[in-house]
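# Observations on the model geometry
The chain contents come next:
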Amino acid sequence: MRIGIVCPYSWDVPGGVQFHIRDLAEHLIALGHEVSVLAPADDETPLPRYVVSAGRAVPVPYNGSVARLNFGFLSAARVRRWLHDGTFDVIHIHEPASPSLGLLTCWAAQGPIVATFHTSNPRSRAMIAAYPILQAALEKISARIAVSEYARRTLVEHLGGDAVVIPNGVDVDFFAGAEPRPEWGTPAAERDTGGTIGFIGRIDEPRKGLPVLMRALPSILRARPDARLLVAGRGDEEEAVAALPAGMRERVEFLGMVSDEDKARLLRSVDLYVAPNTGGESFGIILVEAMSAGAPVLGSDLDAFVQVLDRGAAGEIFANEDAEALAGAAVRLLGDPARRAELRERGSAHVRRFDWSTVGADILAVYETVTDGAASVATDDRPGLRQRFGLARS
Amino acid sequence: MTPTLIWIAVALFAIGLYLSWTAGRLDRLHARIDATRAALDAQLLRRASVAQELATSGVLDPAASIVLYEAAHAARQAEEEHREVAESELSQALRAVFGDAPQVEAVREAPGGVAAAEELAQAVRRVPMARRFHNDAVRAARALRRHRKVRWFRLAGHAPFPLAFEMDDEPPEALADRATG
C-alpha cells in the first residue's frame with residue numbers, strides 16, 4: 001500500500017507526535033508498505049529517507065503558547081506537489097485541527113483520508129470559534145482515530161461525529177529487553193531502608209509534575225532515608241531542588257537528557273516509576289514505556305492515565321497534585337516487594353495491547369477499511385471559476 | 001441607479017458562488033457516505049462468511065454450529081430493512097458461542113484453526129470500525145443538509161436523506177481481548 005503521513009510539527013523538534021509518526025512509518029516500512037512522511041523541517045536538517053520537507057515552520061503564538069506551524073502559499077504548494085507526486089492509496093493526517101500542514105492537506109486532497117487526533121484540551125476556544133472554517137475541511141476525513149477514550153470524548157464534544165480509539169504504539173520488547181544498570185538500581189544493603197524512584201520529563205514544565213514529587217520527597221525520605229530519586233529530562237536542576245531541605249538534595253540525582261537506550265535501562269533499573277503529571281496529557285506514553293520495562297508505576301489520576309493503567313489494575317493511582325497521597329503510596333510500594341512484583345507482572349501483560357504489532361495492525365485495518373472501494377488520493381482539483389461557468393478551454 | 005444594479009449583480013454572483021461551493025461540499029459528503037457504506041457492507045459480509053465457515057467446519061459442537069450457521073445465514077440473506085436486526089443477531093450469536101476463551105482456544109487447536117480464529121477476530125473488530133466511519137459520514141451530511149441554505153435552495157437534489165446504520169456490534173470478549181494478541 002502507498003501511504004502518505006502528514007506530521008504537523010517540526011521534525012527537528014522532539015515530541016510525542018513526531019516520535020509516534022517516526023515509529024509508525026518505520027513499522028509500516030518494515031511490513032513492506034511504501035511510506036512518505038510530509039513534515040515541516042529546516043532545509044539543512046538531515047532527514048530519514050522517507051521524510052519529505054514541507055519547509056520551515058514559523059513560530060507563532062497559538063493556543064496559549066508559541067507553536068511552530070506551517071501555512072501560507074508556499075506550504076500549500078508543497079503539499080499539492082507531495083500529493084501529486086505520491087499517488088497515495090491513503091493519507092494519514094495527524095492533528096488535522098491544528099492550523100498547520102494537516103489542515104492544508106485536508107484542503108488540498110481528496111480520496112481516502114485518515115486522521116488521528118492526539119490532543120484533548122477541554123474547552124479549546126480556538127477550536128469552537130474556528131468550527132465553521134474547520135468543518136468544511138474536516139468533512140473530507142473518511143476515518144477518525146483518537147489516541148484514547150478521553151481524546152475521543154473531546155473530539156465528539158467539540159466537532160461531533162465519532163472516532164475509533166487506537167492507542168499510541170510502543171516497542172514493548174525494546175524496553176522489556178533493556179539491560180538494567182546497577183548504579184541506577186538499589187544496592188542489596190539498602191533494600192529495607194531505601195529504594196529508587198524514577199521520573200522522566202521536562203524539569204521546568206510544571207505540567208509534568210516534578211514540583212509535586214519534590215513536595216512529597218521529604219515525607220518519603222523520612223520513612224525511607226536511603227531512597228533516591230533519579231530525574232531524566234531537560235531543565236534547571238538547581239531551581240528544581242531549591243524547595244528541598246539542604247540535606248535531602250543529594251538524594252536527587254539528575255541525569256539530564258538521556259538517549260532512548262538509557263531511558264529503557266533507567267526504567268528497567270528503578271523500583272518505582274512516578275508520573276505526577278498535573279494535566280494536559282491525552283495518552284501517557286511514558287507510563288506504557290515504564291510498564292513495558294517492568295517498572296511498577298504510580299501515576300496521578302488524570303483521565304488518560306487512569307485508562308492506560310487499566311483503572312488501577314496495572315499500576316497504582318494517587319489523587320492529582322496531592323503530594324501527601326503520592327508520598328504515602330510511594331512509601332507503601334517501596335516497602336512492599338510482593339505488591340511491586342504483582343504490578344510488574346500485570347503491567348507487562350497489560351502493555352501487550354500497546355505494542356506496535358497490535359497498534360500497527362489496527363491502523364492498517366483502518367487504512368484497508370477506507371480504501372475498500374475508493375479511488376486513490378489525488379489533489380482536489382475543484383472546478384475553478386472559469387470551469388464553473390463553462391468558460392474554460394479544456 | 002447603475003451602481004446599485006452593479007452591487008446587486010455582485011451580491012447575487014457571490015451568493016451563487018457560495019451555493020455552488022456548498023453543493024460541491026454536499027456532493028463530496030454523499031460520495032463519502034456511499035464509500036463508507038460499501039466498506040461496511042464488505043466487512044459485514046466478511047464477518048458472516050467467516051462465521052458460516054466456522055459453523056460448517058465441524059470444529060464447534062453441533063448446537064453451537066447450528067446457532068452460528070442460522071445467524072450467519074440470516075445476516076447474509078436479510079432484506080435491507082431487516083439487515084440491522086439480522087446483523088445484531090449475528091453479533092449476539094458470536095458472543096454466545098465465542099464468549100469463553102476455551103472455545104476460541106479449541107478453534108485455534110484445530111487444523112488451520114489459528115488462521116480461522118485470526119480472520120474472525122479481524123472481522124469482528126473491523127465491523128464496528130467501518131460502522132463508526134459510516135455513521136460519522138452520515139452525521140456530517142445530515143448536519144449540512146439540515147442547514148437553511150441547503151433546504152431553501154434544494155441543494156441536495158433528489159438524494160435520499162442519509163440514515164445511520166444502527167446495530168449491536170459488540171465483539172465477543174474472548175476475541176476482542178488484545179492483551180494476548
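Calculation notes
Residues numbered from 1 in each chain as written. Chains lettered and ligands numbered in written order. Predicted model: local features only at pLDDT ≥ 70, side-chain atom pairs only at ≥ 80, totals over all residues. Buried ≥ 20, exposed ≤ 12 C-beta atoms within 10 Å, placed from the backbone. Helix = DSSP H or I, 4+ residues; strand = E, 2+ residues; numbered from the N terminus. Pairing = 2+ DSSP bridges. Right-handed = clockwise from strand over helix to strand, strands pointing away. Axes fitted to C-alpha atoms, helices over the stretch in contact; angles between N-to-C directions. Contact = placed C-beta atoms within 7 Å. Nonpolar A, V, L, I, M, F, W, Y, C, P; charged D, E, K, R; others polar. Core = buried A, V, L, I, M, F, W, Y, C linked by C-beta atoms within 7 Å. Domains from an automatic or database assignment. Parallel < 35°, antiparallel > 145°, perpendicular 65-115°, else oblique. Left-handed = near helix turned anticlockwise from the far one by under 90°. Expected span 1.5 Å × (residues − 1). UniProt positions renumbered as here; feature names shortened; annotations may be inferred. pLDDT = per-residue confidence, 0-100. Arc of directions from axis to C-beta.

Residues and elements named next belong to chain A. Across the two faces of strand β14 (residues 272–275) the burial is the same, with Leu272 and Val274 and Tyr273 and Ala275 all buried. The sheet contact formed by strand β11 (residues 194–200) and β14 spans two bridges and is parallel. From the neighbouring strand, Ile197 faces β14, where its bridge partner is Leu272. Where β14 and strand β15 (residues 297–300) come together, three bridges link them in parallel fashion. Along β15, the bridge assignment pairs Val274 with Leu298. Each parallel crossover has a hand, and for β14 linked through helix α11 (residues 285–292) to β15 it is right-handed.

Further remarks concern the sheet that holds strand β12 (residues 226–232) of chain A. The strands making up a sheet associate through hydrogen bonds between their backbones, and the pairing can be parallel or antiparallel. Residue and element names in this part refer to chain A. The six strands are arranged β13-β12-β11-β14-β15-β16 in an open sheet whose pairing can be described as parallel. Each edge of the open sheet carries a strand with a single partner, namely β13 (252–256) and β16 (316–318). Shown here is a sheet whose adjacent strand axes are inclined to one another by a mean of 25°, direction ignored. Sheet contacts for helix α8 (residues 210–223): β11, β12 and β14; angle to β12, the most-contacted strand, approximately 165°. Those strands touched by α11 are β11, β14 and β15, and its axis lies near 165° from that of β15.

All right, on to the interface of chain A and chain B then. Each partner contributes residues to the interface: chain A has 24 residues there, and chain B has 28 residues. Looking at the side of chain A that touches chain B, the elements that each hand over two or more residues are β9 (143–146), α14 (337–350) and α15 (356–371) of chain A. Taken together, the residues of the side of chain A that touches chain B sort by class into eight nonpolar, seven polar and nine charged.

The subject of this paragraph is the nonpolar core. Core analysis: the largest hydrophobic core is formed by 156 residues, its most contacted members being Leu287 and Ala330 of chain A. With 13 residues, the single largest contributor to this core is helix α5 (residues 113–145) of chain B. There are two domains that each give this core at least three residues, and those are domain 1 (2–169 + 356–388) and domain 2 (172–352) of chain A. Once residues lying within four places of it in the same chain are set aside, the contact partners of Ala330 of chain A are Ile197, Ala216, Ile220, Leu272, Val274 and Leu298 of chain A.

For the rest of this paragraph, the subject is the domain arrangement of chain A. Residues and elements named next belong to chain A. When the domains of chain A are assigned, the result is domain 1 (2–169 + 356–388) and domain 2 (172–352). The C-alpha-based centres of domain 1 and domain 2 are spaced at 33 Å. Listed as interface residues are 13 residues of domain 1 and, on the opposing side, eight residues of domain 2. Tallying contributions element by element places helix α6 (residues 149–159) first for the side of domain 1 that touches domain 2, with three residues.

Attention now goes to the packing of α15 of chain A against α5 of chain B. Contact geometry of α15 of chain A with α5 of chain B gives a least axis separation of 10 Å together with a crossing angle of 55°. Between α15 of chain A and α5 of chain B, the crossing angle belongs to the class labelled oblique. Seen from above, α15 of chain A lies across α5 of chain B with right-handed handedness. Facing α15 of chain A, whose interface residues are Ala365, Val366, Thr369 and Val370 of chain A, α5 of chain B presents Gln122, Arg125, Arg126, Met129, Ala130 and Phe133 of chain B.

Our focus in this paragraph is helix α1 (residues 2–56) of chain B. For α1 of chain B, spanning 55 residues, the distance from its first C-alpha to its last is 81 Å, which sits close to the expected 81 Å at 1.5 Å a residue. Residue Gly58 of chain B follows α1 of chain B closely and has a positive phi angle near 85°.

The next point concerns the sheet that holds β9 of chain A. Residues and elements named next belong to chain A. Reading across from one edge, β3-β2-β1-β6-β8-β9-β10 is the order of the seven strands in this open sheet, with parallel pairing throughout. On the outer flanks of this sheet lie β3 (51–53) and β10 (164–165), each paired with one strand and no other. Across four bridges, strand β1 (residues 2–6) lies against strand β6 (residues 90–94) in parallel orientation. Residue pairing across strands places Ile5 opposite His92, the latter belonging to β6. Packing against the sheet, helix α2 (residues 73–86) makes contact with β1, β2 (34–39) and β3, and its axis sits at approximately 175° to β2.

Here the UniProt feature "transmembrane region" (unreviewed entry) sits at residues 6–24 of chain B. Each end of residues 6–24 of chain B is marked by a C-alpha atom, and these two atoms are 27 Å apart; helix forms 100% of the span and strand 0%.

Now for the confidence of the model for chain B. On average, residues of chain B score 88 in pLDDT, and 97% of them reach the 70 mark or higher. Per-residue pLDDT, averaged within each element of chain B, yields its smallest value for helix α7 (residues 173–176) of chain B (78) and its largest for helix α3 (residues 83–97) of chain B (93).

The next thing to look at is the packing of α1 of chain B against α5 of chain B. Residues and elements named next belong to chain B. At a closest axis distance of 8 Å, the pairing of α1 and α5 adopts a crossing angle of 160°. Taken together, α1 and α5 sit at an angle that is classed as roughly antiparallel. Considering the relative orientation of α1 and α5, their crossing is left-handed. Split into classes, the residues belonging to the contact of α1 with α5 amount to 20 nonpolar, four polar and nine charged.

Residues and elements named next belong to chain B. Helix length check: α3 (15 residues) gives 21 Å between terminal C-alpha atoms against 21 Å at 1.5 Å per residue, within 8%. Within the span of α3, buried status applies to Ala86, Glu87, Leu90, Ser91, Ala93, Leu94 and Val97. On an axial view of α3, the arc spanned by its buried residues comes to 165°, and they lie on one face.

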